[in-house]
Every structure is written in structure tokens, then in C-alpha cells.
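Breakdown of the fold
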Amino acid sequence: MRVFADDFFKIYDPSEGEDKVWYINDHTIIKASDGWHLFGITHEEPAKPLEEILCGHAVTDNLLSVPFSKAAVPFSAEREQGELHFWAPHIIKYNDLYYMFYCAGSLEGHDKYRIHLATSKNLKDWTRHKDNPLLIDGFDARDPMILRVGDEWVMYYTCNSTPQGGNYCVACVTSRDLVHWGEKKVVFTSHLSGTFAGPCESPFVEKVGDWYFLFIGPYGGYGASYCDTAVYASRDPFAFSGDPVGRIPSHASEVVKIEDNYYITHCGWGQGGVFLAPLHFELD
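The text that follows walks through the structure, step by step, so that each part is easy to find. Residue positions are counted from 1 within each chain, in the order its sequence is given. Where totals are concerned, whole chains, interfaces and linings use all residues; where local detail is concerned, this predicted model gives features only for residues with pLDDT of at least 70, and gives and counts side-chain atom pairs only at 80 or more. Side-chain figures throughout are based on the complete set of non-hydrogen atoms in the structure, without hydrogens or water.

**Quick look at the sheet that holds strand β15 (residues 185-194)**
Applied cut-off: Here, strands pair whenever DSSP counts at least two bridges between them. Each helix is a run of DSSP H or I of at least 4 residues and each strand a run of E of at least 2, with the numbering of both proceeding from the N terminus. Note on method: axes are straight lines fitted to C-alpha atoms, helices fitted across the in-contact stretch only, with angles between N-to-C directions ranging 0 to 180 degrees.
What the four strands build is an open sheet, ordered β12-β13-β14-β15; its pairing is antiparallel. Where the open sheet ends on each side, the last strands, each with one partner, are β12 (142-149) and β15. Going across the sheet, the axis of each strand differs from the next one's by a mean of 20 degrees, ignoring polarity. In the sheet, strand β14 (residues 165-175) pairs with β15 via six bridges, with the strands oriented antiparallel. By the bridge assignment, Val-170 is partnered in β15 with Phe-188.

Below, the structure is given as C-alpha cells:
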């Protein structure tokens, strides 16, 4: 089994039309009736992750041939809502409503980071859900991603083995209604431990055939390579282990499916924008 990507090409430069250089980090891409929309963490270079409060927004008619154009900022963190950051949005559509899950940080400490929900009918006007926070965990629990498995929803996110630190993990919770979530379950544990950034960031799970593929990174940590994503395979969406079946030169990756073809994104601090590459799954 092997997962690999072709060459990346740029689909969005957040610095266009700006006096300063900007970046997009963790992000989400969704198709709507008026085209494709990209939402993500955005900030001026150099990176200041603890000061990221703005939701970047861009649109395009054709994801594969027309670069995204910048749209108005639709959302930002609000301290009066208990939000310290706006991190790692993930958007799905269900019953004609868009659900945006994001990490709001915490005013109480890194062991009490909050996952919040906002909803919209048009991807422009967003309303925070009255039941926020949906989830509280640490260390810096963040990077939510939603997948439908059977008759329930699964929210994957990154955290540590304890809210105060420990082994880097990918955990999940499940829900029937996208608002009320059950008990935490750890689906992947790294042999590395610590706090802040680790190798289990930006979890994304894609089902291909009978297999589930978990994309996380940065594999090997931040440094010279900076942006490797590891891919793990399992027939069980709640248990991933073993050696990677792929290693993609990308950061904060999201998988996008267009008809029968798969693509993977790349972005991050100092990367110059958002990039896309064809993605291939060779199954045994």
C-alpha cells in the first residue's frame, strides 16, 4: 500500500493586494453553489500563532484552474465569547446549513482549550452556537475535523495524553447532531511527548474503499523539512498505528475529492500561500 502526491501548484496567495506579506495556515475548502470557498488561519508574516484571530476567506469558480481571490474576512475571535484565537476551521454542510468547527483557544489556560461551532446559510454570515464550547481539552486541543462514519459524526482533533502535556495524540468524539459530543477516545498516539506543536497536528481522515487514511504532521517535527505529512492506514476509523504508508511534502494538509480524483493541499508560515497536488492511493 502506498499514498503519494504529484507536484504542487499554487491556488491562493493571501498577499495579493496587500502592503505586507500574509500567510494561510490550517484551513478548509468546501464547494458551494457559487463555487469553491477557502477558509483558514491568516496573519501577517512572520508567524505569530498565539496572535492569530482572523478567519481568511477566498473564493474561486474552478479549484483546478483559477486561483482563489481574496474575500472579506467573515469571522474573528472574540474575547467576550471566551475566545483567544481563531485556529484551524473545518466546514461541512448538513441539511442546508454550513457548520464551522474551530479552535477558540482559552482564557483559562492551555489545558482548557475550546472547540467552538459557528453556523451559516451562505458562508458569509456566521452565528456562534449557543452551546459553545462543544469540547474542552488540552494541551492546546485544536484542529477539529469532521467525518461521517455510519450513522454518526466523528470529530477528530489533536491533543496530548493529559491536558497538561504528555504523548502527542489524535483523539475523537462522536455525535448524532453535530452539537452534543460523547466521550473522548484516542485513535493515534505518538511515541513523542511534550506540549505545544507536535507530530499529530491537523488530523484529516479520508475513507477510500474499505480503508481509512489518517493524515497528520509535521512528520519529524518542525525544522529544515518543516512540512512533511505522514499518512497512516486502518480499516478501523478509531484505531491507527504502525508505520506510515505515505509521506507527503505538505503542511496542515486537507484532502479534497473532485469526482473520482483526490487532491491534497499545502500551506503554512513562510510558504507563500496555499498549494494543491493530485493525490494517489495505491491499495493492496
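**Focus: the packing of aromatic side chains**
Cut-off, in case you're wondering: Stacked, edge-to-face and tilted are the three classes for Phe, Tyr and Trp ring pairs, Trp counted by its six-membered ring, which pair at centre distances within 6.5 Å; planes under 30 degrees apart are stacked, over 60 edge-to-face, the rest tilted. Relative accessibility decides the category of a residue: with a 1.4 Å probe and only protein chains considered, values under 20% of the type maximum give buried, values over 50% give exposed, and everything between is partly exposed. The rule for a charge over a ring is simple: NZ of Lys or CZ of Arg within 6 Å of the ring centre, and within 35 degrees of the ring normal.
On inspection of all chains with the given rule, the structure shows 13 aromatic pairs. Centre to centre, the rings of Phe-188 and Tyr-232 are 4.7 Å apart; their planes meet at 45 degrees, and the pair counts as tilted. Linking Phe-188 in strand β15 with Tyr-232 in strand β18 (residues 229-234), this pair joins segments that are 44 residues apart in sequence. Both residues of the pair, Phe-188 and Tyr-232, belong to the buried class. A ring pair is formed by Tyr-262 and Phe-281, whose centres lie 5.1 Å apart and whose planes are at 75 degrees; its orientation type is edge-to-face. In this pair, Tyr-262 is assigned in strand β21 (residues 261-266) and Phe-281 in strand β22 (residues 274-282), connecting sequence segments 19 residues apart. In terms of burial, Tyr-262 and Phe-281 fall into one category: buried. Members of the aromatic cluster, joined through ring pairs, are Phe-213, Phe-215, Tyr-262 and Phe-281. When the ring centre of Trp-153 is taken as origin, the NZ or CZ atom of Arg-148, which lies over that ring, is 4.7 Å away.

**Overview of the environment of Lys-70**
Let me state the cut-off plainly: We call two residues in contact whenever any of their non-hydrogen atoms come within 4.5 Å of each other. N or O atoms closer than or at 3.5 Å make up a polar contact, with two conditions inside protein: a donor-capable atom paired with an acceptor-capable one, and, for residues adjacent in sequence, both atoms drawn from side chains.
Tracing the chain through its elements places Lys-70 in strand β6 (residues 69-70). When the C-alpha atoms of Lys-70 and Leu-38 are compared, they prove to be 9.3 Å apart, with 32 residues separating the residues in sequence. With near-sequence residues (within four places) excluded, Lys-70 lies in contact with Tyr-12, Pro-14, Glu-16, Glu-18, His-57 and Ala-58. Side-chain polar atoms of Lys-70 contact the backbone oxygen of Pro-14, separated by 2.5 Å.

**Details of the environment of Trp-87**
Counting through the fold element by element, Trp-87 comes out in strand β7 (residues 87-94). Residue Trp-87 is classed as buried on the basis of its relative accessible area, which comes to 7%. C-alpha of Trp-87 to C-alpha of Ala-104: the two residues are 17 residues apart in sequence and 6.5 Å apart in space. Apart from the residues within four sequence positions on either side, Trp-87 is in contact with Ile-41, Pro-49, Leu-50, Glu-52, Tyr-102, Cys-103, Tyr-113, Asp-140 and Arg-142.

**Concerning the environment of Arg-114**
Tracing the backbone through its elements, the reader meets Arg-114 in strand β9 (residues 113-120). Since its relative accessible area comes to 14%, Arg-114 is described here as buried. Taking the C-alpha atoms as reference points, Arg-114 and Cys-103, separated by 11 residues in sequence, lie 5.9 Å from one another. In this structure, Arg-114 is in contact with Gln-81, Gly-82, Tyr-102, Cys-103, Ala-104, Gly-105, Ser-106, Glu-108, Pro-133, Leu-135 and Ile-136, ignoring residues within four places of it in sequence. There is a polar contact of 2.9 Å between the side chain of Arg-114 and the side chain of His-116.

By themselves, these observations are geometric and do not establish any function.
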